[in-house]
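What the coordinates show
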Amino acid sequence: MAATRLIAMHVNKGKTVADSLRDRTTYVLNDEKTEMGEYVSSYACNAEIADLEFAQSKQEYFRITGRKPKGDIIAYQIRQSFKP
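1. A short note on the packing of aromatic side chains
By the definition in use, this model includes zero aromatic pairs. Sitting over the face of the ring of phenylalanine 62, lysine 68 holds its NZ or CZ atom 5.3 Å from the ring centroid.

2. Things to note about the side chain of threonine 25
Mapped onto the secondary structure, threonine 25 falls in helix H1 (residues 17-28). With relative accessibility at 19%, the residue threonine 25 sits in the buried group. When residues no more than four places from it in sequence are discounted, the contact partners of threonine 25 are Ala50 and Asp51.

3. Describing unusual backbone geometry
Where the residue is not glycine, phi is negative for most of them; where a peptide bond is considered, it is trans in most cases. For glutamate 35, which is not glycine, the phi torsion reads 55° and is therefore positive. Judged by its relative accessible area of 48%, glutamate 35 is partly exposed. Unusually for a residue other than glycine, methionine 36 sits at a positive phi of about 60°. Tracing the sequence through the fold places methionine 36 in the loop between H1 and helix H2 (50-65).

4. Quick look at the pattern of salt bridges
Counted under the stated rule, the structure contains four salt bridges. A salt bridge links arginine 22 to aspartate 51, with the nearest nitrogen and oxygen atoms 3.9 Å apart. With arginine 22 in helix H1 and aspartate 51 in helix H2, this residue pair connects regions lying 29 residues apart in the sequence. Taking the shortest distance from any N to any O, the salt bridge between arginine 63 and glutamate 60 comes out at 2.7 Å. A residue pair is termed a helical-turn pair when its members lie 3 or 4 positions apart in one helix, as arginine 63 and glutamate 60 do in helix H2 at three residues. A relative accessible area of 35% means that glutamate 60 is categorised as partly exposed. Three or more residues are tied together by salt bridges with common partners; here these are Asp19, Arg22 and Asp51.

Criteria and cut-off values
Residues numbered from 1 in each chain as written. Predicted model: local features only at pLDDT ≥ 70, side-chain atom pairs only at ≥ 80, totals over all residues. Heavy atoms only, no water. Phe/Tyr/Trp six-rings, centres within 6.5 Å; stacked < 30°, edge-to-face > 60°. Lys NZ or Arg CZ within 6 Å of the ring centre and 35° of its normal. Helix = DSSP H or I, 4+ residues; strand = E, 2+ residues; numbered from the N terminus. Buried < 20%, exposed > 50% of the residue type's maximum accessible area, 1.4 Å probe, protein only. Contact = heavy atoms within 4.5 Å. Salt bridge = Lys/Arg side-chain N within 4 Å of Asp/Glu carboxyl O.

The structure is reproduced here in structure tokens:
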């Protein structure tokens, strides 16, 4: 049976949103953990440049609505784990 987790990603102290997103996606794309990316997928974005697409989406949202989200959550990661 698979176990799933929804993980909130926050802005790292002393870093910008873009830097924090880049750090998180670099960690998620780790070749050793993902069998050279075999277990990485994405929805409505390119996994290789997801950090840039997320940052652009946040800027576009602010431009259109004028609203900034409350708090420091910048994205969510869905993680699935399977027993060996």
